[in-house]
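# Structural characterization, general
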Amino acid sequence: MTAPDPESTSGTSMISVQSVDKHFGPLHVLKDITLEVPRGQVVVVLGPSGSGKSTLCRAINRLEPIDSGRIAIDGKPLPAEGKDLARLRADVGMVFQSFNLFAHKTILENVTLAPVKVRKTPAAEARKTAMELLERVGIAAQAEKYPAQLSGGQQQRAAIARALAMRPKVMLFDEPTSALDPEMVQEVLDVMTGLAAEGMTMVVVTHEMGFARKAANRVVFMADGEVVEDTTPEEFFTAPKSVRARDFLGKILTH
């Protein structure tokens, strides 16, 4: 897959990050980050720990406030707070390392809650959609169970269904498999690969190199709060341009 021409996609960016800076105290964690993600593109963000990947992911839907710069979703700048932010955030699904499911609600209730409360979807319609989504992620049989009764992989697939129930324009994944046992990783990656194939705009922070090779249109490599490389998976894995990327791949791919 070839990387899109930035000129041709600038008007259709689903996610636009421009000159974003972020500090945690004296630590400069995002340094002048600019990133355009066209509609339907899957961008995998790679890099060593502490490179700013998760902070970038969280900044895209304002879970992490930024110091300066501009972030827009589907052409609309992200407001700092209030109802407008809640409305825009509803367009951005987020799946975390921890599943963040409500422990006292069933899986079905977890998936229907936000559409009913935020989108004002009628309960029957929300339930029908939720069951379709649970079917799609392969856990419809677990609908009436509670999160604690499910495996980690099943809980993460429930979390993906919950995010999709809001009919988001964008899906953000922040290391969605890093808390899972190895045998559960693939079942979550399969769901994500399916989403990618259907044309969902996705930004995925992950250490799963196989997923990056198979499902990504682009690989963004970060180090020390900066975007060091932004290229195709093929180019990144076969001919990385920077010393940092070569060093990173050397450590990752020899394990």
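Use the structure listed above.
Residues numbered from 1 in each chain as written. Predicted model: local features only at pLDDT ≥ 70, side-chain atom pairs only at ≥ 80, totals over all residues. Heavy atoms only, no water.

Attention shifts here to the packing of aromatic side chains. Scanning the model with the defined rule gives three aromatic pairs in all. Centroid distance Phe221 to Phe236: 5.7 Å. Interplanar angle 35°. Geometry classified as tilted. Taken together, the residues Phe221 in strand E9 (residues 218-223) and Phe236 in helix H9 (residues 233-238) connect sequence positions 15 residues apart. Taking 5.2 Å as the distance between ring centres and 50° as the angle between the ring planes, the aromatic pair formed by Phe221 and Phe248 counts as tilted. Pair noted here: Phe221 is in strand E9 and Phe248 is in helix H10 (residues 243-253), with a separation of 27 residues, a long-range link. With a relative accessible area of 0%, Phe221 lands in the buried category. Members of the aromatic cluster, joined through ring pairs, are Phe221, Phe236, Phe237 and Phe248. (Phe/Tyr/Trp six-rings, centres within 6.5 Å; stacked < 30°, edge-to-face > 60°. Helix = DSSP H or I, 4+ residues; strand = E, 2+ residues; numbered from the N terminus. Buried < 20%, exposed > 50% of the residue type's maximum accessible area, 1.4 Å probe, protein only.)

Of note in this structure, Ser19 is not a glycine but carries a positive phi near 50°. Tracing the backbone through its elements, the reader meets Ser19 in strand E1 (residues 13-24). One non-glycine residue, Asp224, lies in positive phi territory at about 50°. A relative accessible area of 42% means that Asp224 is categorised as partly exposed.

Any functional reading would require information beyond the geometric quantities listed.
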